[in-house]
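Results of the structural survey
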Amino acid sequence: MAIGVKVLERPIEQTSYVRATLKGMALTLKHLVNRDTVTIQYPEQKWAVSPRWRGTHRMLTTEDGKAKCVACGLCPTVCPANCIKLVPGEDENGNRYPLVFEIDEFRCIFCGYCQEVCPEEAIHVGRHYENAEFSRDGFVYDLERLMAQTHPVSELWDPMDPKGE
Amino acid sequence: MTLVALLQAATGYTTTPNGLQHLTVPDSGWAWFIATVVKMLLTFTIYMVGVMMVIWAERRICAFIQDRRGPNRVGPHGLLQSVADGVKNIMKEETYPGEAYLPLFILAPVMSFIPALITWSVIPYGAPWDSKWGTIDTALAPMPIGFLFILAIGSLGVYGIVLAGWSSNNKYSLLGGLRSSAQMISYEIAMGMATIPVLILAGNVSLNTIVSRQAGWGLHWNVINVTVAFFVFMVAAFAETNRTPFDLPEAEAELVAGYHSEYSAMKFSMFFIAEYANMMTVSALMATLFFGGWDIPFTLWDNVAPHTLIKTLVTFAFFWVKILFFVFVFIWIRWTLPRFRYDQLMALGWKFMLPTSLVYVVLIATATWLLEYMGVHPASWQFAVAMLGLNVVAVGIIFGVIDRGRLISPAYSRLDKRHIDKLREARYGRARLTPATSEGGAD
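Below: a short report on this structure. (Residues numbered from 1 in each chain as written. Chains lettered and ligands numbered in written order. Predicted model: local features only at pLDDT ≥ 70, side-chain atom pairs only at ≥ 80, totals over all residues. Heavy atoms only, no water.)

1. A short note on the overall build of chain A
- Each helix and strand in chain A was counted, giving four helices and five strands.
- Starting at the N terminus and walking to the C terminus, you meet the elements of chain A as α-β-α-β-β-α-β-β-α.
- Across chain A, the fraction of contacts at a sequence separation of at least 24, relative to all contacts at a separation of at least 6, is 71%. (Helix = DSSP H or I, 4+ residues; strand = E, 2+ residues; numbered from the N terminus. Contact = heavy atoms within 4.5 Å.)

2. What about the side chain of glutamine 115 of chain A?
- Relative to the assigned elements, glutamine 115 of chain A resides in helix 3 (residues 113-117).
- Contact partners of glutamine 115 of chain A, with chain neighbours within four places excluded, come to Ile123, His124, Val125, Ser154 and Leu156 of chain A.

3. Things to note about unusual backbone geometry
Residue and element names in this part refer to chain B.
- Not every positive phi belongs to a glycine, and aspartate 67 is a case in point at roughly 60°.
- Mapped onto the elements, aspartate 67 comes out in the loop between helix 2 (29-65) and helix 3 (81-91).
- Its relative accessible area of 17% is what places aspartate 67 among the buried residues.
- For asparagine 169, which is not glycine, the phi dihedral falls at a positive 60°. (Buried < 20%, exposed > 50% of the residue type's maximum accessible area, 1.4 Å probe, protein only.)

4. So, the packing of helix 4 (residues 102-118) of chain B against helix 11 (residues 265-290) of chain B
All names here are of chain B.
- Helix 11 packs onto helix 4 with a crossing angle of 20° between their chain directions and a minimal axis gap of 8 Å. With respect to helix 11, the element helix 4 is oriented roughly parallel. As for how helix 4 packs across helix 11, the hand of that crossing is left-handed. Between helix 4 and helix 11, the contacting residues are Phe105, Ile106, Ala108, Pro109, Val110, Ser112, Phe113 and Ala116 on the first element and Lys267, Met270, Phe271, Ile273, Ala274, Ala277, Asn278 and Thr281 on the second.
- Of the residues in the contact of helix 4 with helix 11, the class split is twelve nonpolar, three polar and one charged. (Axes fitted to C-alpha atoms, helices over the stretch in contact; angles between N-to-C directions. Parallel < 35°, antiparallel > 145°, perpendicular 65-115°, else oblique. Left-handed = near helix turned anticlockwise from the far one by under 90°. Nonpolar A, V, L, I, M, F, W, Y, C, P; charged D, E, K, R; others polar.)

5. A few points about the pairing of strand 2 (residues 84-90) of chain A
All names here are of chain A.
- Bridging between strand 2 and strand 3 (residues 96-104) involves seven bridges; their strand directions are antiparallel. The partner of proline 88 across the bridge, within strand 3, is proline 98.
- Adjacent in sequence and paired antiparallel, strand 2 and strand 3 are bridged by five residues, among which glycine 94 carries a positive phi angle near 85°. (Pairing = 2+ DSSP bridges.)

6. Regarding the sheet that holds strand 3 of chain A
- Here three strands make up an open sheet; going across it, the order is 2-3-5 (chain A) and the pairing antiparallel. A single partner strand is all that each edge strand has here, and the edge strands are strand 2 and strand 5 (140-141) of chain A.

Written out as structure tokens, the structure is:
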């Protein structure tokens, strides 16, 4: 025994190496033949995200294809990450609409406040996470791009129905 | 033609004690020469493809053991993963440490790789083939010195590792190399001693003789006749190939990557291939020495004339089944056992394996002499049964008595005395708790 290695006296039946080895081999063999693989084969097979998943944003549109947004300014106000850029405009009938509506997905923390605060149910966070881009510029989504998204939107947590029933 | 004649003289004749076969080299030099070239090409091809497949198998099996999937993208079931890795490694940049001694740094991967390959030249793959040009032996070079050659070449493998460690000029690499040399020297002795019972039974060191002694129904396989030697050989084989639980030379927790820390791209790949090549070589050796080589158990079909090509091919396939079984055992053990501590490694090698194999040599020598004295023919079933009985007792002693904390010194543990008493209580009940047992204090 090397110097400095402390060895504890143990019950003799606990010190068999071969038996412990065989036990271990039986365990690994059990996993080998009867395995419980939980790995998801990602590009082909996707994880079912929660209905409350908050991912890539989406701007909903009216039936005639315009953004529902009325440029009230609530979402840039509530946004804790300050990632929404909104320049409001007004047409000849006095209807407000966003001249510029940009979301920087890099700054966004996906808290979902924008969706929660929106009086028109226009801006939403979506059940979507595959938003990789080749350049940083690609992560600033303008209004057109937000309107072009088709993924399902998130169902935010409702305090009246906490379990989502 | 002089070279051919010289090589032919070196291979020589082999005869068997039980008279099942008489192998001769073909008389015609050219037939022999062509056969040898074909065997060389076949051996090399099968071997390299085998190494690739074994690397794939290791990755798949370890993944399955850990409930993962393993490589499954490149080719069907990821079979071509090794090809993709090879292409990647060839394309990669080779880096050289500034302070490395380059001649040895470059030579080392080759030196670890070649010995594993050379060993294959003496292993018989299958039953000899009685072709119309003469009997063709399936070993590439059926040398009369067979096993001695393997021992000599096997010891060379450590040079590659030691030189890699030293020439890298890196303290971790050097430590890995030193560990490797210490380990290989310790276990080589036990390995050599473990094969002596096999050689005693065969009465020769030629691998063809060793295989033909085991030929028959499977009762004369050395694993039955000299079981303890097989276990010692297997443990030593794990140590020789640096596989877990003996992978101290590349203990990543302590030594980065051990002797190949400084290697990149194809040179690293060479070490990697060498590891798996060694694994296959040692598996083939275990199959040859202890599991009858190419012999098919429970039948005499493969042992009697005529020795057709079909028999050669079937026995060849069967030999590979045995090799792959041992390769699987290697992989299985690797993903089961944790690495030994250094003192455990040395203690196991010098204090258990060497004495055991020495005692066992004496035991087997005495037993064979006694059986012969009593008039039991070595090829008879009585001989095999008597040896089996002896081995059951020997294995019982080793695994039942010696393997009680003496085989591997137990690890340091923070179990306190109370815990121990509780364990004892669970086992024996309170009545058996004598004052003597509670003396062993915590720390």
